[in-house]
Amino acid sequence: MVKKIMLVILAAALLLTVVESLTAQPPGRGSGGRRGGGISALQGHAPLPANEQERKILSVLEDMDRNQRRGMMNVPEQDGRILRLLTEAVGAKHVVEIGTSNGYSGIWFCLALRTTGGKLTTHDIDEGRASLARKNFKRAGVDNMVTLVMGDAHETVTKIKEPIDVLFIDADKEGYTDYLKKLLPLVRPGGLILSHNIDMVGQGFIDAITKNPNLETVQAQGVTMTLKKRQSK
Ligand SMILES: C[S@@+](CC[C@H](N)C(=O)[O-])C[C@H]1O[C@@H](n2cnc3c(N)ncnc32)[C@H](O)[C@@H]1O
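Predicted model only: the values in this text are computed from it and were never measured.

Engineer: Even after reading the chapter, I still don't get the site of the ligand, so can you show me in this structure?
Structural biologist: Taken together, 19 residues lie near the ligand, and Met-73, Gly-99, Tyr-104, Ser-105 and Ala-153 sit nearest. Counting only elements with at least two residues in the shell around the ligand, the list comes to helix 4 (104–116), strand 2 (119–124) and helix 6 (153–156). Each residue belonging to the shell around the ligand can be placed in one class, and the counts come to six nonpolar, seven polar and six charged.

This is the structure we're talking about:
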């Protein structure tokens, strides 16, 4: 009798394991912990490449997601997809990113920029992560769209003179307000300021993006999206 009960328990445990493995998310994607974001009907919906170039870039992103995340502080895959979608939707010609890391979010931007004919200027202070980024941009075949600027971005961004279509702030949290102050004048009307994980950035930044009547701010996943409004005619 005891043997029978043990066998039933064993069979139930086995069945549970099989069911769990069949319903589990594929590993890697969205390992930043924000996958799905409550839109359960879309969970597991992977980006579909429309051509060979897109397939190549997506496969590099997937490899980075699986094998390079440790210590890179990358945006989750879902946030990367939002960055790409917004950049392509506004037809961005110039994206400025503060916080390159190993190039993960930058490559999501490039996925859009290759169709808009635009370019990415990305800033980082850490040579180790930046050298990985250079390799990743190259193997994704997007290095010709990217300028990587080394140094303290609080200094290096002051050299930017061209208009910005999309500004992405994803570096030192205490610096968000300063980056915004220095670069908002360069963001074109109708352009976007995207800021990542603003939980720890301080009230000054939150006030700057929510109390200015010329800006409109909403959030999706870890991405805070701020529109620099156009003036009405
Ligand atoms: C959160 S990670 C960026 C992740 C990247 N956007 C991604 O999703 O792949 C922040 C990066 O900002 C860089 N950083 C921090 N302070 C900086 C500064 N003052 N100037 C330039 N880069 C800085 C760090 O070296 C780090 O690589």
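Engineer: I would appreciate a short explanation of the sheet that holds strand 1 (residues 94–98) in the present structure.
Structural biologist: Strand pairs in the sheet, formed through backbone hydrogen bonds, run parallel or antiparallel to each other. Strand order in the open sheet formed by seven strands is 3-2-1-4-5-7-6, with mixed pairing between adjacent strands. Only two strands of the sheet have a single neighbouring strand rather than two, namely strand 3 (146–150) and strand 6 (215–220). The average undirected angle you get between the axes of adjacent strands in this sheet is 15°. Pairing geometry for strand 1 and strand 4 (residues 164–169), over four bridges, is parallel. From the neighbouring strand, Val-96 faces strand 4, where its bridge partner is Leu-167. Here helix 4 sits on the sheet and contacts strand 1, strand 2, strand 3 and strand 4; the angle it forms with strand 2, its principal contact strand, is near 170°.

Engineer: How do you make sense of the pairing of strand 1 when you look at a structure like this?
Structural biologist: Each regular strand displays side chains that alternate between the two surfaces of the sheet. Judged by how many residues are buried, strand 1 sits mostly within the fold: five of five residues are covered. By the alternation rule, side chains of strand 1 split into His-94, Val-96 and Ile-98 and Val-95 and Glu-97, which are all buried. By the bridge criterion, five bridges tie strand 1 to strand 2 in an arrangement that is parallel. Looking across to strand 2, one finds that Val-95 is bridged to Leu-120. With respect to chirality, the unit in which strand 1 leads through helix 4 into the neighbouring parallel strand 2 is right-handed.

Engineer: What is the right way to look at the packing of helix 3 (residues 77–89) against helix 4 in this model?
Structural biologist: Two numbers describe a pair of packed helices, the interaxial angle and the distance between the axes. Viewed as axis vectors pointing N to C, helix 3 and helix 4 meet at an angle of 25°, and their least axial separation amounts to 8 Å. One finds that helix 3 runs roughly parallel with respect to helix 4. In the packing of helix 3 onto helix 4, the handedness of the crossing is right-handed. Contacts between helix 3 and helix 4 involve Gly-80, Leu-83, Arg-84, Thr-87 and Glu-88 on the former and, on the latter, Tyr-104, Ser-105, Trp-108, Phe-109, Leu-111, Ala-112, Leu-113, Thr-115 and Thr-116. Residues belonging to the contact of helix 3 with helix 4 are distributed by class as follows: seven nonpolar, five polar and two charged.

Engineer: Whenever I open this one, the nonpolar core confuses me. Can you help?
Structural biologist: If you look at the biggest cluster of nonpolar residues, it comprises 45 residues, and the most contacted ones within it are Ile-107, Cys-110, Val-166, Leu-167 and Leu-194. Top element by residues in this core is helix 4. It accounts for eight residues.

Engineer: Mind showing me how you'd approach unusual backbone geometry here?
Structural biologist: Across residues other than glycine, the phi torsion is negative in most instances, and most of the peptide bonds are trans. Backbone geometry places Met-73, a non-glycine residue, at a positive phi of 55°. Relative to the helices and strands, Met-73 resides in the loop between helix 2 (52–67) and helix 3. For Met-73, a count of 17 C-beta atoms within 10 Å gives the class partly exposed. With a phi angle near 55°, Gln-221 is a residue other than glycine that sits in the positive phi range. Considering the arrangement of structural elements, one finds Gln-221 in the loop between strand 6 and strand 7 (223–228).

What counts, and at which threshold
Residues numbered from 1 in each chain as written. Predicted model: local features only at pLDDT ≥ 70, side-chain atom pairs only at ≥ 80, totals over all residues. Near = placed C-beta within 6 Å. Helix = DSSP H or I, 4+ residues; strand = E, 2+ residues; numbered from the N terminus. Nonpolar A, V, L, I, M, F, W, Y, C, P; charged D, E, K, R; others polar. Pairing = 2+ DSSP bridges. Axes fitted to C-alpha atoms, helices over the stretch in contact; angles between N-to-C directions. Contact = placed C-beta atoms within 7 Å. Buried ≥ 20, exposed ≤ 12 C-beta atoms within 10 Å, placed from the backbone. Right-handed = clockwise from strand over helix to strand, strands pointing away. Parallel < 35°, antiparallel > 145°, perpendicular 65-115°, else oblique. Left-handed = near helix turned anticlockwise from the far one by under 90°. Core = buried A, V, L, I, M, F, W, Y, C linked by C-beta atoms within 7 Å.

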